[in-house]
Amino acid sequence: MSSNNHIRRRDVLRGAGGALVAALLPLPVEALQSNGNRRGKGGSERFPLRLPAMTDAGLPQLVCAPAMIDMGDGVQRGALAYNGMLPGPTWVAWRGENVTTTLVNNLAEPTITHWHGLHVDYLNDGGPRLSVSPGQTYPYSFPIIQRSSLNFYHPHPHHLTGKQVALGLSGAFIVRDEDELGVRLPMGGPLEVPLVIRDASFDSRGDMDYKATGSGFMGAFPLVNGTLNPYHEVGKHLYRLRILNGSNARVYNLRMGNNQSFWIIGNDGGLFEAPVLLTSVVIGPGERLDVLLDFSPYAFGTSVSLVDANSGWNLVEFRVRKLPAPDDPVQFGELPSIERLSNPVTTRVFSFDGMSKINNQRYDMNRIDFQVPFGQVERWVFVTNGNGPHPVHVHGASFQVQSRSGGRNQVFPWEQGWKDTVLVQDQETVEVFIKFNAYRGLYVLHCHQLEHEDMGMMSNFEVV
Ligand code: C2O
Ligand code: CU
Ligand code: CU
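Residues numbered from 1 in each chain as written. Chains lettered and ligands numbered in written order. Predicted model: local features only at pLDDT ≥ 70, side-chain atom pairs only at ≥ 80, totals over all residues. Heavy atoms only, no water.

### A few points about the confidence of the model for the protein
Applied cut-off: Confidence scores here are pLDDT values: one per residue, from the predictor, ranging 0 to 100. Secondary structure elements are taken from DSSP: a helix is a run of H or I of four residues or more, a strand is a run of E of two residues or more, and numbering for both begins at the N terminus. For this analysis, residues touch if any pair of their heavy atoms sits within 4.5 Å.
Looking at the protein, pLDDT values average 91 and 89% of them are 70 or higher. Mean pLDDT across the secondary structure elements of the protein bottoms out at helix α1 (residues 9-23), with 31, and peaks at strand β27 (residues 390-394), with 99. Confidence drops under pLDDT 50 across residues 1-42; counting only partners more than four residues distant or on other chains, this segment forms 89 contacts.

So, in C-alpha cells, the structure goes:
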C-alpha cells in the first residue's frame, strides 16, 4: 500500500480540522420540522438521541410484535418493533462467530427477517419464500464469514416489506473483524455512534402510519435511531458515525449544517483502502456509510448539525460538551486492502421497468429467473428509463461498482470498495462486477425502494 493509503490521526486533524476552523460559519436556521399530529409536546424541542441496546451473536429470541414506543418526547406511540425496540437491538458479531436466534412472529400477518448485507445461505437469508405465519417461529443459525461492516436487518415478506419497515421493524447489524481491530477505530465505546436514519409519519392518534404510493413512501419527518428531533452530546474528539439509511424510499444528501468536511472510511461492505474527505454524500435506501467526524476544533457549547440538504431536515444536533477523554484514544493504522474483481465472464442486463418490473417481469415467488455459476466474476448492468431512484440491491454477495453512465454520469467516491446496494437514478446505467463465492442457493435481486419491491420489482436467481 502506498503512503496515502494510511490514515493517521494527525492527517485527519490537519484535513478536517484545519479546514474546519477557517470554515466555521453560523449555523443555518433550522428547518421547521413537522412532527405530524403527534400528541404531547410540539415545537422544535430536541430530545436525547437513543442508542439501541446491543446484542451479541446469540440472542434467544427476536420477537416481531406491535409495541408502544416513546420516540423521545414522552408520548407512547403505536408501532411495530423488534423485541419492543425501535430500531431493534444492534447486533455485534465477530467474523468466525455463529449467529443464532429464533424469530417469533407476533404480528397479525406473515413476516420473515432478512440480514441485508450479510453473506448467509438460503435458509438463513430471510427471503420472501421463507415467510412464517402469525404465531410461528423461524430459527436462524449462521456463521459470520465476511469482513467488518455495518449491515441492516428488516422484514422481507412479499407485498408487506414496505409496511413493516415503515411501521418500525428494522435495525443495525455490526460485523467486527481483526482488520478493523488493527486500524484501531472507535469500536463499541461512546465514540462509535450508530445512526439509523429514516423518515416516518404519524396518524391522527400519533401512531406510526403507512400509506404506500408507487413513487415511494415519503414520511413527514425524520427519525434517527427512533428519536424525534434528536441531539447528541459529544466531546472534543474524533467520532465514528455508522450511518444506515433505513427509509423506504427517501434519498438523503448528508452534510454538516456549517459545511464541515468529514472522512468517509467505508460503506456497505466495510472499510475502504483509503479514506475520502467530503462535505456531502448521497445515501439511498439500504446503503450504509462509515464516517469520521471531528469535534475537537469546536468550543464547548457549540452545536453543529448533520442535515439533509434534500429535505432541509436537521437530522441530529451534536452539542459539544466537556466529556472525559476516552480510555483508548483513536490511533489509526493502515486500512485493509481490497481484492479487485476483474475479467467478468458473463454480462447480464437488468432493466428496472416502471414501478414493478425487472426485465418486464413482475416478481413471482415460484419462478427462478436465472442461474449464476458459483465463484465466477460476472458483469451486471442495471438500467432504467424512469421512476427512479431505484436503489438496486443483491442478496448473497457484494459487488464492486465499475461505472455509471447517463444521469449523474460518475461513480462517486463513497461507492468504492464492496457494495450491496447502488442507487440508479432516472436515465442512469450502472455497471457492477459481482462474484458469488459464499453459498450456492436461491437469492433475490430487487429494488430497495420498498414500494417498488412490494409491487414486484424483484427477481429470484439461483447460484449453482
Ligand atoms: Cu434490505 Cu432484500 O433487502
Ligand atoms: Cu438484502
Ligand atoms: Cu425501484
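Now that the structure is up, let's keep going.
### Describing empty space enclosed by the protein
If you roll a probe as big as a water molecule over the atoms, it shows you where there is empty space left. To keep it simple, the criterion reads: Of the two site types, the cavity is a set of points on a 1 Å grid over the protein atoms alone where a 1.4 Å probe fits but cannot get out, and the pocket is an open set with protein on both sides within 12 Å along at least five of seven lines, each lined by residues with an atom within 4 Å of a point. Grid points are joined across faces, edges and corners, and a volume is the space filled by probe spheres set on the points. In this classification, Asp, Glu, Lys and Arg are treated as charged, Ala, Val, Leu, Ile, Met, Phe, Trp, Tyr, Cys and Pro as nonpolar, and every other residue, Gly included, as polar.
Scanning the model with the defined rule gives six cavities of 30 Å³ or more in all. Put simply, the largest cavity is a space of about 60 Å³. Lining the largest cavity, in full, are Tyr 122, Asp 125, Gly 127, Pro 128, Arg 129, Tyr 363, His 395, Leu 442, Tyr 443, Val 444 and Asn 460. In the lining of the largest cavity, the residues fall into six nonpolar, three polar and two charged.

### Thoughts on the pairing of strand β15 (residues 238-245)
Rules: Only protein chains enter the accessibility calculation, which uses a 1.4 Å probe; a residue whose area is less than 20% of its type maximum is buried, one above 50% is exposed, and one in between is partly exposed. Strand pairing is defined by DSSP finding a minimum of two bridges between the two strands.
Most of β15 is tucked away, with eight of its eight residues classed as buried. The alternating pattern of β15 places Leu 238, Arg 240, Arg 242 and Leu 244 on one face and Tyr 239, Leu 241, Ile 243 and Asn 245 on the opposite face, and all of these are buried. For strand β11 (residues 192-202) and β15, the ladder comprises six bridges, and the chain directions are parallel. Paired with Ile 197 across the strands is Asn 245, a residue of β15. Note: β15 against strand β20 (residues 288-294), seven bridges, orientation antiparallel. Within β20, the position partnered with Leu 244 by the bridge is Arg 288.

### A short note on the sheet that holds strand β2 (residues 54-55)
Sheets are built from strands paired through backbone hydrogen bonds, the pairs being either parallel or antiparallel. In spatial order, the strands read β2-β5-β10-β9-β7; together these five strands make up an open sheet with mixed pairing. In this open sheet, the two strands that pair with only one neighbour each are β2 and β7 (113-116). In terms of strand pairing, strand β9 (residues 149-155) meets strand β10 (residues 171-176) through five bridges, oriented antiparallel. Considered in β10, the bridge of Asn 151 is made with Phe 173.

### A look at the coordination of the copper ion (ligand 3)
We count it as follows: A 2.8 Å cut-off from the metal defines N, O and S donors, relaxed to 3.2 Å for Na, K and Ca; water is not in the atom list, so some sites may appear incomplete.
Distances from the copper ion (ligand 3) to its protein donors, namely His 390 (ND1), Cys 447 (SG) and His 452 (ND1), fall within the range 2.0 to 2.2 Å. Counting residues between consecutive donors of the copper ion (ligand 3) along the chain gives the motif H-x56-C-x4-H. One end of the pair, His 390, is in strand β27; the other, Cys 447, is in strand β31 (residues 441-447), and 57 residues separate them in sequence.

### Some thoughts on unusual backbone geometry
Omega for the peptide link from Leu 86 to Pro 87 comes to -5°, which places this bond in the cis form. Following the sequence through the fold, Pro 87 ends up in the loop between β4 (76-82) and β5 (90-94). In this structure, Pro 389 follows Gly 388 across a cis peptide bond, with omega equal to 0°. Its location among the elements puts Pro 389 in the loop between β26 (377-384) and β27. Phi at Asn 343 takes a positive value of approximately 50°, unusual for a residue other than glycine. Mapped onto the secondary structure, Asn 343 falls in the loop between β22 (314-320) and β23 (346-353). Since its relative accessible area comes to 65%, Asn 343 is described here as exposed. Of note in the backbone geometry, Gln 427 takes a positive phi value of approximately 70° without being a glycine.

### Side note on the coordination of the copper ion (ligand 2)
Distances from the copper ion (ligand 2) to its protein donors, namely His 114 (NE2) and His 393 (NE2), fall within the range 1.9 Å. One end of the pair, His 114, is in strand β7; the other, His 393, is in strand β27, with 279 residues separating them in the sequence.

### Observations regarding the layout of surface pockets
Considering only enclosed or pocket space, the largest pocket measures out at about 420 Å³ in volume. Considering the residues around the largest pocket, the lining is formed by 22 residues, among which His 119, Gln 146, Arg 147, Trp 418 and Asn 437 are closest to the centre. Of the residues in the lining of the largest pocket, the class split is five nonpolar, nine polar and eight charged.

### Some details on the pattern of salt bridges
As a reminder of what qualifies: Note on definitions: salt bridges are taken to be side-chain nitrogens of Lys or Arg within 4 Å of carboxyl oxygens of Asp or Glu.
Tallying each qualifying case throughout the model produces 29 salt bridges. With a shortest N-O distance of 2.7 Å, Arg 288 and Asp 420 are connected by a salt bridge. Of this pair, Arg 288 sits in strand β20 while Asp 420 sits in the loop between β28 (399-405) and β29 (421-424), and the two are 132 residues apart along the sequence. Classification of Arg 288 as buried rests on a relative accessible area of 1%. Assessed through its relative accessible area of 2%, Asp 420 is described here as buried. One network of salt bridges, with partners in common, ties together Arg 176, Glu 180, Glu 192, Arg 240, Arg 242 and Asp 290.

### Structural notes on the packing of aromatic side chains
Here is the rule we go by: Note on aromatic pairs: the rings of Phe, Tyr and Trp (six-membered ring only in Trp) are paired at centre separations within 6.5 Å, and the planes decide the class, stacked below 30 degrees, edge-to-face beyond 60, tilted for the rest. Remark: a charge is flagged as sitting over a ring if the NZ atom of Lys or the CZ atom of Arg is within 6 Å of the ring centre and within 35 degrees of the ring normal.
Summed over all chains, the structure comprises 26 aromatic pairs. Seen in terms of ring centroids, Trp 115 and Tyr 140 are 5.2 Å apart; in terms of plane orientation they differ by 85°. Their pairing is edge-to-face. Here Trp 115, found in strand β7, pairs with Tyr 140, found in strand β8 (residues 137-143); they are 25 residues apart in sequence, far enough to count as distant. There is no split in this pair, since Trp 115 and Tyr 140 are both buried. What links up through ring pairs into an aromatic cluster is the set Phe 350, Phe 352, Phe 370, Trp 380, Phe 382, Phe 399, Phe 436, Tyr 443 and Phe 461. Its end group placed over the ring of Phe 300, Lys 236 keeps NZ or CZ at 5.0 Å from the ring centre.

### Things to note about the nonpolar core
As a reminder of what qualifies: The set of buried Ala, Val, Leu, Ile, Met, Phe, Trp, Tyr and Cys residues whose side-chain atoms join them within 4.5 Å is what this entry labels a nonpolar core.
Core analysis: the biggest nonpolar cluster contains 42 residues, and Trp 115, Phe 173 and Met 208 have the highest contact counts within it. Within the residue set of this core, elements represented by two or more residues are β3 (58-70), β4, β5, β6 (98-105), β8, β10, β11 and β13 (221-224). The biggest single contributor to this core is β3, with five residues. Filtering out sequence-adjacent residues up to four positions away, Phe 173 remains in contact with Trp 91, Ala 93, Val 99, Trp 115, Leu 118, Ile 144, Ser 149, Leu 150, Asn 151, Phe 152 and Tyr 153.

### A few points about the side chain of Glu 415
Our working rule: The definition of a polar contact used here is a pair of N or O atoms within 3.5 Å, where within protein one atom must be able to donate a hydrogen and the other to accept one, and adjacent residues in sequence count solely through side-chain atom pairs.
Examined against the element boundaries, Glu 415 turns out to sit in the loop between β28 and β29. Judged by relative accessible area, Glu 415 falls into the buried class, the value being 2%. A polar contact is formed between the side chain of Glu 415 and the side chain of Arg 404, at a distance of 2.7 Å.

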